[in-house]
Amino acid sequence: MEVLYGLHPVEEALKAGKRRFDHVLVARERRDARLERLVALCREARVRVLEQSREQLSVAAKTPGHQGVVALVRPQELLALEDLFAPAPGETAASRLVLALDGVEDPQNLGALLRVADGAGVDGVVLTERRSAPLSPAAVKASAGAAEHLRIARVVNLVRALEDLKRQNLWVVGLDERGESDYDRFDLTGNLVIVLGREGAGLHDLVRRTCDHLLRIPMAGGVSSLNVSAAGAVVLYEAARQRRAAGTASAFVQKVAARSAETARSKPQKQKGLGS
């Protein structure tokens with residue numbers, strides 16, 4: 001079994017319905033509306049809920065940062081690269097947008113990138129098996145549960161995976177401070193793989209040479225580059241903006257309009273701030 005902790009990750013795992021839950025532990029000291037909604041969601045999904053002390057939850061989660069919620073679940077099933085070639089069930093064929101990570105090792109960066117990828121409508125994420133952060137409880141919590149909704153594939157060799165994606169008519173675009181074009185002047189509306197490199201070191205040489213194009217983020221200050229998760233947010237949301245404007249966004253991105261309309265019809269709620 002695997003551990004999930006935190007309100008968002010456990011709630012999103014329940015909503016996604018991809019994981020088998022054994023049980024959910026909640027802190028008996030916590031009593032509020034958010035926790036009650038989560039307990040109701042567990043009951044609706046017929047998942048056992050047990051009350052324990054915060055100390056016991058900290059032992060189960062191996063961290064005190066569990067927000068009073070810890071779940072024991074089956075490990076998430078990752079996809080093969082071939083599973084990313086076709087649209088997800090329920091989606092129409094459209095220009096594909098895939099995110100590939102070349103050795104991102106920090107679980108906080110991985111989680112932040114997965115959260116951005118989910119929000120920007122990425123159709124699939126490619127991770128490497130070695131020299132890459134695993135989908136650990138810390139990474140899932142940093143993604144605010146977005147990891148539960150994404151189609152994620154792990155590959156042994158990223159260069160070979162990028163070549164396979166090229167054969168499926170996707171262009172491979174790497175983000176590199178030595179890139180030949182600014183990211184916002186490049187057409188990001190087609191079938192694309194956006195490749196982000198390691199913290200500090202960037203793309204491996206072989207990966208860089210495999211890319212069809214290298215893009216840069218212009219920097220006006222004394223620092224030459226952004227943190228990988230910040231850089232990913234900048235480029236992925238520019239891709240989402242261009243694709244919506246051009247009408248080539250995937251069905252996943254087009255759900256944004258429907259979600260906004262649904263929110264407008266519903267009872268006004270307290271708005272979440274950035275980083276919530």
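In this text the structure is predicted, and so the values were computed from the model without any measurement.

Each value, and the rule that gives it
- Each residue is numbered by its place in its chain's sequence as written, counting from 1.
- Thresholds applied to this predicted model are a pLDDT of at least 70 for local features of residues and 80 or more for the giving and counting of side-chain atom pairs; totals over whole chains, interfaces and linings are not thresholded and use all residues.
- Note that the side-chain values use all heavy atoms of the structure and ignore hydrogens as well as water.
- Residue exposure (1.4 Å probe, protein chains only): buried if accessible area is under 20% of the type maximum, exposed if over 50%, otherwise partly exposed.
- A helix here means a DSSP run of H or I that spans at least four residues, while a strand means a run of E at least two residues long, and both kinds are numbered starting from the N terminus.
- Here, the arc refers to the directions that run from the helix axis to the C-beta atoms.
- Throughout, a residue-residue contact means that at least one pair of heavy atoms, one from each residue, lies within 4.5 Å.
- For our purposes a nonpolar core is just a set of buried Ala, Val, Leu, Ile, Met, Phe, Trp, Tyr and Cys residues, chained together by side-chain atoms within 4.5 Å.
- Patch membership requires more than 30% relative accessible area and the absence of a salt bridge. Residues of like charge join within 9 Å; the nonpolar side chains Val, Leu, Ile, Met, Phe, Trp and Tyr join within 5 Å.
- The Shrake-Rupley method, run with a 1.4 Å probe, gives the accessible areas here. Residue values count only the displayed protein chains as cover.
- Put simply, a salt bridge is a Lys or Arg side-chain nitrogen that is within 4 Å of an Asp or Glu carboxyl oxygen.
- Buriedness for pockets is judged along seven lines, at least five of which must meet protein on both sides within 12 Å for an open set on the 1 Å grid over protein atoms alone, while cavities are sets there where a 1.4 Å probe fits but cannot get out, and lining residues have an atom within 4 Å of a point.
- Grid points are joined across faces, edges and corners, and a volume is the space filled by probe spheres set on the points.
- Gly is put with the polar residues, along with every residue not named as nonpolar or charged; the nonpolar set is Ala, Val, Leu, Ile, Met, Phe, Trp, Tyr, Cys and Pro, and the charged set is Asp, Glu, Lys and Arg.
- Two strands form a pair only when DSSP identifies at least two bridges running between them.
- Helix axes are fitted to C-alpha atoms over the stretch in contact, other axes to C-alpha atoms as well, and angles between N-to-C directions run from 0 to 180 degrees.
- Roughly parallel refers to an angle under 35 degrees, roughly antiparallel to one over 145, roughly perpendicular to one between 65 and 115, and oblique to any angle outside these ranges.
- Whether a crossing is left-handed or right-handed is set by the direction in which the near helix is turned from the far one by less than a right angle, anticlockwise for left-handed and clockwise for right-handed.
- Scored between 0 and 100, pLDDT is the confidence that the predictor attaches to each residue.
- Residue count minus one, scaled by 1.5 Å, sets the expected span of a helix.

**Notes on helix α6 (residues 158–167)**
Okay, step 1: Listing the buried residues of α6 in full gives L158, A161, L162 and L165. Considered in projection along α6, the buried side chains sweep an arc of 100 degrees and stay on one side of the axis. What points out from α6, more than 90 degrees from its buried face, is the exposed set R160 and R167.
Okay, step 2: Among the structural elements, β5 (97–101), β6 (124–128), β7 (152–155), β8 (171–175), β10 (192–196) and α7 (205–210) are those in contact with the buried residues of α6.
Okay, step 3: Where α6 ends, the next residue or the one after it, N169, has phi of about 70 degrees, a positive value.

**Structural notes on the nonpolar core**
Okay, step 1: Counting residues in each nonpolar core, the largest one holds 52 residues, and the members touching the most others are V10, F21, V24 and V125.
Okay, step 2: Leave out the neighbours within four places in its chain, and V125 touches L84, L99, L114, A117, L150, R151, I152 and A153.

**Things to note about a nonpolar patch on the surface**
Okay, step 1: Taken together, the side chains of M219, V223 and L226 make up a nonpolar region of the molecular surface, amounting to roughly 240 Å² of accessible area.
Okay, step 2: Locating V223 in the fold gives a position in the loop between β11 (213–216) and α8 (228–246).

**Let's talk about the environment of G190**
Okay, step 1: Position of G190 relative to the elements: it lies in the loop between β9 (181–182) and β10.
Okay, step 2: Discounting chain neighbours no more than four positions away, the residues touching G190 are S95, R96 and R243.

**A word on the layout of surface pockets**
If a probe the size of a water molecule is rolled over the atoms, the empty space left behind becomes visible.
Okay, step 1: Volume-wise, the second largest pocket comes out at about 460 Å³.
Okay, step 2: L175, E177, G202, S225 and L226 are, among the 23 residues lining the second largest pocket, the residues nearest its centre.
Okay, step 3: Of the residues in the lining of the second largest pocket, the class split is 10 nonpolar, six polar and seven charged.

**Some thoughts on the sheet that holds strand β1 (residues 2–5)**
Okay, step 1: Ordered by their spatial adjacency, four strands build an open sheet running β1-β4-β2-β3, and the pairing between neighbours is mixed. With one partner strand each, in any of the chains shown, β1 and β3 (48–52) form the two edges of the open sheet. Averaged over all neighbouring strand pairs, the angle between strand axes comes to 25 degrees, with direction disregarded.
Okay, step 2: Of the pairings in the sheet, the one linking β1 to strand β4 (residues 69–73) comprises four bridges and is antiparallel in character. Bridging across to β4, Y5 finds its partner in V70.
Okay, step 3: Along the sheet face, helix α1 (residues 7–16) touches β1, β2 (21–27) and β4 and points at about 115 degrees away from the line of β1.

**What to know about the packing of α1 against helix α2 (residues 33–44)**
Okay, step 1: Contact geometry for α1 and α2: axes closest at 10 Å, N-to-C directions at 30 degrees. If you check the angle between α1 and α2, you find them roughly parallel. You can see that α1 and α2 cross each other, and the crossing is left-handed. Between α1 and α2, the contacting residues are L7, H8, V10, E11, L14 and K15 on the first element and R34, L35, L38, L41 and C42 on the second.
Okay, step 2: In the contact of α1 with α2, the residues fall into seven nonpolar, one polar and three charged.

**Points about the pattern of salt bridges**
Okay, step 1: Tallied over the entire structure, the rule returns 14 salt bridges.
Okay, step 2: Notably, a salt bridge pairs R167 with D164, separated by 2.4 Å at the nearest N-O pair. Residue R167 and its partner D164 are both found in helix α6; the two are separated by three residues, about one turn of the helix.
Okay, step 3: Since its relative accessible area comes to 57%, R167 is described here as exposed.
Okay, step 4: Using a relative accessible area of 22% as the deciding quantity, one classes D164 as partly exposed.
Okay, step 5: Residue K166 is joined to D212 by a salt bridge in which the shortest nitrogen-to-oxygen separation is 3.3 Å.

**So, the confidence of the model for the protein chain**
Okay, step 1: Across the protein chain, the average pLDDT comes to 88, with 87% of residues at 70 or higher.
Okay, step 2: Of all helices and strands in the protein chain, the one with the weakest mean pLDDT is helix α9 (residues 251–265) (56), whereas β10 scores best (97).

**Overview of α8**
Okay, step 1: Across its 19 residues, α8 extends 27 Å between first and last C-alpha, which sits within 8% of the 27 Å expected from 1.5 Å per residue.
Okay, step 2: Buried positions along α8 lie against β5, α4 (107–120), β8 and β10.
Okay, step 3: Two residues or fewer past α8, G247 is found with a positive phi of approximately 75 degrees.

**Section: unusual backbone geometry**
Okay, step 1: Positive phi, close to 50 degrees, is recorded for R131, a residue that is not glycine.
Okay, step 2: You can see R131 is positioned in the loop between β6 and α5 (137–142).

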